[in-house]
Amino acid sequence: MSDTATPTASYLTQEAYDRLKTELEHLSADGRTDISRRIEAARDEGDLKENGGYHAAKEEQGKMEARIRQLQQLLENAVVGETPPDDGVVEPGMVVTIDLFGDELRFLLGSREIHGEDIEVYSERSPLGEAILGKKAGDEASYHAPNGKTITVKILAAKPYTS
């Protein structure tokens, strides 16, 4: 395991950490205030059993509270770092290209929260992620798939992710 991740931590760039912290602050303040107002306004409309607006607002409140808890846990346990060095060593924050059964697979190693939607993400704690951590281009690594089979991959490249 590298110095940038522990079993309970997720690697985040400073940019991702700041973005998520801003989202958490918004949800915890303005978000909660807005949803409370909407619930109160819907409650004033009458019978709660048949009040679709009330139930929709309560459901949205539940989703928002779940996101707040997720963000709190993620930020509390995050390892915040600069972009990893461009030294070809696989670590969180790197875009890794591997040969998997003769096909190239390219993905970001780290937290889904690091990036936009432009690239697939694999956790550094996944079986594949753990197998390739610390490896370099040209190295091979093996891991056990959920079906119990051993899969061997070859690392073709590892470059720092840039958003």
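Please refer to the structure placed before this passage.
Now for a look at the structure at hand.

The rules behind the values
Residues numbered from 1 in each chain as written. Predicted model: local features only at pLDDT ≥ 70, side-chain atom pairs only at ≥ 80, totals over all residues. Heavy atoms only, no water. Helix = DSSP H or I, 4+ residues; strand = E, 2+ residues; numbered from the N terminus. Rg over C-alpha atoms; globule rule 2.2 N^0.38 Å. Buried < 20%, exposed > 50% of the residue type's maximum accessible area, 1.4 Å probe, protein only. Contact = heavy atoms within 4.5 Å. Areas by Shrake-Rupley, 256 points an atom, 1.4 Å probe, with all protein chains shown as cover. Lys, Arg positive; Asp, Glu negative; His and termini not counted. Charge placed at Lys NZ, Arg CZ, Asp CG, Glu CD. Expected span 1.5 Å × (residues − 1). Pairing = 2+ DSSP bridges.

### Re the overall build of the chain
For step 1, the next point in the chain: Each helix and strand in the chain was counted, giving three helices and seven strands.
For step 2, the next point in the chain: In terms of C-alpha radius of gyration, the chain reaches 21 Å, well past the compact-globule figure of 15 Å for 163 residues.
For step 3, the next point in the chain: Taking the principal axes of the C-alpha coordinates as reference, the chain spans close to 65 × 35 × 25 Å.
For step 4, the next point in the chain: Residues classed as buried in the chain amount to 39% of the 163 residues present.
For step 5, the next point in the chain: Long-range contacts, defined as pairs at least 24 residues apart, comprise 58% of the intrachain contacts of the chain with a sequence gap of at least 6.
For step 6, the next point in the chain: Counting only carbon and sulfur atoms, one obtains 47% of the accessible surface of the chain, whose full area is about 9,600 Å².
For step 7, the next point in the chain: Charged side chains of the chain number 19 positive and 31 negative; the gap between the two group centres comes to 3 Å.

### As for helix H1 (residues 14-43)
For step 1, the next point in the chain: Between its first and last C-alpha, H1 extends 41 Å over 30 residues, near the 44 Å set by a 1.5 Å rise per residue.
For step 2, the next point in the chain: Among the residues of H1, Ala16, Leu20, Leu24, Leu27, Gly31, Ile35, Ile39 and Ala42 are the ones counted as buried.
For step 3, the next point in the chain: On its buried face, H1 sits against strand E1 (10-13) and helix H2 (52-76).

### Side note on the pairing of E1
For step 1, the next point in the chain: Neither face of E1 is left uncovered, since the one carrying Ser10 and Leu12 and the one carrying Tyr11 and Thr13 both have all their residues buried.
For step 2, the next point in the chain: With four bridges connecting them, E1 and strand E2 (residues 78-81) associate as parallel partners. The partner of leucine 12 across the bridge, within E2, is valine 80.

### Notes on the pairing of strand E6 (residues 140-144)
For step 1, the next point in the chain: Burial along E6 is one-sided: the face carrying Ala141 and Tyr143 is buried and the face carrying Glu140, Ser142 and His144 is not.
For step 2, the next point in the chain: With five bridges joining them, E6 and strand E7 (residues 150-160) adopt antiparallel strand pairing. By the bridge assignment, histidine 144 is partnered in E7 with threonine 150.
For step 3, the next point in the chain: What sits between the antiparallel neighbours E6 and E7 is a turn of five residues, in which glycine 148 has the positive phi angle 95 degrees.

Purely geometric stuff here, so don't read any function into it on its own.
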